[in-house]
Amino acid sequence: MAVETAPSAAVDERFIEELVARAQADGLQLTGEGGLLQQLTKRLLESALDGEMTDHLGCDKHDPAGKNGGNSRNGKRSKTVLTDVGPVEIEVPRDREGSFEPQIVKKRQRRLTGVDEMVLSLSAKGLTHGEISAHLAEVYGAEVSKTTISTITDAVMEGMSEWQNRPMDPVYPVVFIDCVNVKIRDGQVANRPIYMALAVTAEGHRDILGLWAGDGGEGAKHWLRVLTELKNRGLDDVLMLVCDGLKGLPDAVGEVWPRTVVQTCVVHLLRASFRYAARQDWDKIAKALKPVYTAPTEDAATTRFLEFTETWGEKYPAIVRLWEHSWAEFVPFLQFDAEIRRIICTTNAIESVNARIRRAVRARGHFPSEPAALKCVYLAVMSLDPTGTGRKRWTSRWKRALQAFDIAFDGRLSAARI
């Protein structure tokens, strides 16, 4: 006769329900100092440490095999560690030879990894070290100094260096280059740009290639260094590079990737146009410019732009000059079909990333140095899309456009993937 066994998940659930019920019946709080979660954490950590000691010695506690067999247990020492549920005092076993090296809570370790992750998450949201320290004290009753928090966040710089130098794919259909301005206190507080290169992979995924600090006066030499760095990391070809009229960038692209099409971001061009116009004319100007960037051909776009100039040129000559100066980098996408135009014409690809970065930057106000600003931006980038749902939406949106890219660029995209 078969014996019915309950699923382990159901057993766990009943056990948890019984544990919570007993705690409530005894008047024990679930959270807070001395609460059920703290006590469970203490027992689990101590049990794991005892298990590690057993593995180290090769025998259980009180096992006769351990007597007169060389190394053995030698009592315990108290230690307080900061956990996700607050400070927890644990008993760490010792051995006579002093050769025991615990792994679950290592020697001299005062925080579990979850605490470090919490600090990094709060820092990515723009909280200062003082605010993080106050938050941990208020919510968890844990005293964590600003120096300790700085040590935790500084540790990410090693990871940032590795990330900044990781290998690239051989080809990307599109690379967007944009910047976020941050305030850096270098003698006096001044705006400085942090540039970001965001690529779309051949599979339709979003990949942030790197971050670079500038001084606002970057030219071809600066961009040649940045693009050469990307090429040295394995990026041999970019089908189209989209930017916002960055000086010297088109020349640098021509040196590093001669076949790459440089395209001015149309939405940025429109926004720049509105800066020269009165608020009441924005809608009219947007309506008048739409036939220009939706024209079927470059000749048609030129005709529509001349019509715009006749209507608005006298009132807003600066807008006309802006489009004339950007025309060579504006018209390339007019030769492509609707799928590619739709992707290139929108800034959704990079604006969602910039929005997250700007929230973190605004929360901090200003930074004492360039590395501090880069660290904040890097943490914000690393915290993007933790559930992966954004990645799925992004990939599905790009599928048809990627096919259009491969056709328009004579198979360069698929050839590099073979």
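All of these numbers come straight from a predicted model, not from anything done at the bench.

The rules behind each value
- Residues numbered from 1 in each chain as written.
- Predicted model: local features only at pLDDT ≥ 70, side-chain atom pairs only at ≥ 80, totals over all residues.
- Heavy atoms only, no water.
- Core = buried A, V, L, I, M, F, W, Y, C linked by side-chain atoms within 4.5 Å.
- Buried < 20%, exposed > 50% of the residue type's maximum accessible area, 1.4 Å probe, protein only.
- Contact = heavy atoms within 4.5 Å.
- Phe/Tyr/Trp six-rings, centres within 6.5 Å; stacked < 30°, edge-to-face > 60°.
- Helix = DSSP H or I, 4+ residues; strand = E, 2+ residues; numbered from the N terminus.
- Salt bridge = Lys/Arg side-chain N within 4 Å of Asp/Glu carboxyl O.

K.L.:
What am I meant to see in the nonpolar core here?
P.N.:
The nonpolar side chains of a soluble globular protein tend to be buried, and buried together. Of all hydrophobic cores here, the largest spans 77 residues; its most connected members are Ile285, Trp323, Phe330, Ile344, Ile357, Trp398 and Phe405. The contacts of Phe330, once residues within four sequence positions are left out, are Gln263, Thr264, Val266, Leu269, Val292, Tyr293 and Trp323. The next biggest cluster of nonpolar side chains, apart from the first, holds 24 residues, and it includes Ile177, Val226, Leu241 and Ala252.

K.L.:
What is the right way to read the packing of aromatic side chains from this model?
P.N.:
Aromatic ring pairs: the centre-centre distance and the angle between the two ring planes describe each pair. In this structure the tally under the stated criterion is 11 aromatic pairs. Ring geometry for Trp327 against Phe330: centres 5.1 Å apart, planes inclined by 50°, an arrangement best described as tilted. Residue Trp327 and its partner Phe330 are located together in helix H12 (residues 317–330), separated by 3 residues, close to a single helical turn. Of the two residues, Trp327 and Phe330, both sit in the buried class. Taken together, the ring pairs connect Phe305, Phe308, Trp323, Trp327 and Phe330 into an aromatic cluster.

K.L.:
I would appreciate a short explanation of the environment of Asp154 in the present structure.
P.N.:
Structurally, Asp154 can be placed in helix H5 (residues 146–154). The spatial distance from the C-alpha of Asp154 to the C-alpha of Ala372 is 9.0 Å, given a sequence separation of 218 residues.

K.L.:
Help me understand the environment of Leu120 in this model?
P.N.:
Secondary-structure assignment places Leu120 in helix H3 (residues 113–124). Distance from Leu120 to Val156, taken between C-alpha atoms, is 8.6 Å for residues 36 residues apart in sequence. Not counting residues up to four positions away in its chain, the partners in contact with Leu120 are Ile152, Thr153, Val156 and Leu379.

K.L.:
Looking at this structure, I do not really get the pattern of salt bridges. What am I missing?
P.N.:
Note that side chains of opposite charge can pair when their charged atoms are close. The final tally for this structure, using the stated rule, is 7 salt bridges. Across the salt bridge formed by Arg192 and Glu370, the nearest N and O atoms sit 2.6 Å from each other. Of the two residues, Arg192 sits in strand S4 (residues 188–200) while Glu370 sits in helix H15 (residues 370–382), which places them 178 residues apart along the sequence. Between Arg304 and Glu307 there is a salt bridge; the shortest N-O distance is 2.8 Å. Here Arg304 pairs with Glu307, and both are found in helix H11 (residues 298–312), just 3 residues apart, close to one helical turn. Residues joined in a network through salt bridges with shared partners are Asp237, Arg259 and Arg412.

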